[in-house]
Amino acid sequence: MRWLAGRGWSAQDFAQRYAGGRGDAWGYRSSSQHQERLDRILAALPEQHFQKILEVGCAQGFLTERLAALADRLIACDISAEAIADARENCRAHRHVDFRVADIRAGFPEDGFDLCLFSDVLYYLSPRETDAVLDEAAQKTTPGGAVLIVNEWSARARGLTPPSYSFGKLDGDRRWARGATSRAPFGEGELSMGLYFRRPQSA
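Residues numbered from 1 in each chain as written. Predicted model: local features only at pLDDT ≥ 70, side-chain atom pairs only at ≥ 80, totals over all residues. Heavy atoms only, no water.

### So, helix α2 (residues 32–44)
Condition: Secondary structure elements follow DSSP: runs of H or I of four or more residues count as helices, runs of E of two or more count as strands, with numbering from the N terminus. How far a helix is expected to stretch is found by multiplying one less than its residue total by 1.5 Å. Remark: exposure states derive from per-residue accessible area (1.4 Å probe, protein chains only) relative to the maximum for the residue type, with buried under 20%, exposed over 50%, and partly exposed in between. Here, the arc refers to the directions that run from the helix axis to the C-beta atoms.
The terminal C-alpha atoms of α2, which comprises 13 residues, lie 19 Å apart, in line with the 18 Å expected from a rise of 1.5 Å per residue. Buried within α2 we find His34, Arg37, Leu38, Ile41 and Leu42. The buried residues of α2 occupy an angular sector of 130 degrees when projected down its axis, which confines them to one face. Turned more than 90 degrees from where α2 packs its buried face, Ser32 and Ala43 sit exposed.

Here is the structure:
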């Protein structure tokens, strides 16, 4: 019913998983497949250094650890306070990482990002919420900056917005220029990635 009302998942939907996750709610730390996934994401980035990165849906900070080496400043946010507490602990050596408990649907924490990374997060939003978030991304990403959308997806998924929706929205938005995209088998489904560059304001 919430999907029909235009509402996606909430922090409460993840509370039980993080409460019993003991620092690794998704089983990432010991997973060689997850390490491969991180490698693929980093290989998809358009640069190896950024001034200011926004990571949306950082979970417990396993990707954040890798991104930290590539940024002068990194803001990592998640809707779950439990996840952010774990992420701070996992990334305690990286003083330039700013962790925020934040629902991106309520607004971006700052602006002036040269990379916004959405990893396995947009499909938890309704189409209406996705529209609003991607519109704000266009406002908060610097000209020439990039958005990278990553989705681990199964055709059997239910109650989620398919990755094709967010890709289609950016493909149809003149503020963005499409970069590299990929779809490859991964786990029980596929890993899809779409890179988009913010055009100059006059474009």
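### A short note on the state of the cysteines
The condition is simple: Here, the term disulfide refers to a pair of cysteine sulfur atoms separated by no more than 2.5 Å.
Counted under the stated rule, the structure contains zero disulfides. The thiol sulfur of Cys58 is not disulfide-bonded, and the nearest other cysteine sulfur, from Cys77, lies at 6.6 Å. On the basis of relative accessible area, Cys58 is assigned to the buried category, the value being 4%. Cysteine Cys91 shares no disulfide, and the gap to the nearest cysteine sulfur, in Cys58, comes to 7.9 Å.

### As for the pattern of salt bridges
What counts is decided by this rule: By definition here, a salt bridge exists when the distance from a side-chain nitrogen of Lys or Arg to a carboxyl oxygen of Asp or Glu is within 4 Å.
Counted under the stated rule, the structure contains 19 salt bridges. A salt bridge links Asp131 to Lys169; the nearest nitrogen and oxygen atoms lie 3.6 Å apart. Here Lys169 lies in helix α6 (residues 163–171) and Asp131 lies in helix α5 (residues 127–140), a separation of 38 residues in the sequence. Here Asp131 falls in the partly exposed class, since its relative accessible area comes to 27%. According to the relative accessible area criterion, Lys169 is partly exposed, its value standing at 37%. Ionic pairing is found between Glu190 and Arg183, a salt bridge with its closest N-O pair at 3.1 Å.

### Points about the nonpolar core
The test is simple: Among buried residues, the Ala, Val, Leu, Ile, Met, Phe, Trp, Tyr and Cys ones that are joined through side-chain atoms within 4.5 Å form a nonpolar core. In what follows, a contact means two residues having at least one pair of non-hydrogen atoms within 4.5 Å.
Leu45, Phe99 and Leu148 are the most contacted members of the largest nonpolar core, which has 28 residues in total. Apart from residues no more than four positions distant in its own chain, Phe99 is found in contact with Cys58, Thr64, Ala76, Ile84, Ala87, Arg88 and Cys91. Of all hydrophobic cores here, the second largest spans 22 residues; its members include Cys77, Phe113, Ile149 and Phe167.

### Structural notes on the confidence of the model for the protein
Stated precisely, the cut-off is as follows: Every residue gets a pLDDT, meaning the predictor's confidence in that residue, from 0 to 100.
Put simply, the protein has an average pLDDT of 90, and 89% of its residues get 70 or more. Element-level pLDDT for the protein is lowest in helix α1 (residues 12–19), with a mean of 68, against a maximum mean of 98 in strand β1 (residues 50–56).

### Quick word on α6
Within α6 the residues assigned to the buried category are Pro163, Ser166, Phe167 and Leu170. Take α6 and look down its axis: the buried residues cluster within an arc of 100 degrees, on one side only. On the buried face of α6, the contacting elements are α5, β5 (141–153), β6 (176–186) and β7 (189–198).

### Section: the packing of aromatic side chains
Aromatic ring pairs are described here by two measures, namely the spacing of the ring centres and the angle between the planes. Put simply, the rule reads: Stacked, tilted and edge-to-face are the three classes assigned to paired rings of Phe, Tyr and Trp, where Trp is represented by its six-membered ring and a pair needs centres within 6.5 Å; plane angles under 30 degrees give stacked, over 60 edge-to-face, the rest tilted.
For the coordinates displayed, the defined rule picks out two aromatic pairs. Each ring, one from Tyr123 and one from Tyr124, has its centre 4.9 Å from the other, and the planes form 65 degrees; the classification is edge-to-face. On the basis of relative accessibility, which here comes to 7%, the residue Tyr123 falls in the buried class. Judged by relative accessible area, Tyr124 falls into the buried class, the value being 15%. Residues Tyr123 and Trp153 carry aromatic rings whose centres are separated by 5.7 Å and whose planes lie at 50 degrees to one another, so their mutual orientation is tilted. With Tyr123 in the loop between β4 (113–119) and α5 and Trp153 in strand β5, the pair connects residues that are 30 residues apart, well separated along the chain. Considered together, Tyr123 and Trp153 belong to a single accessibility category, that of buried residues.

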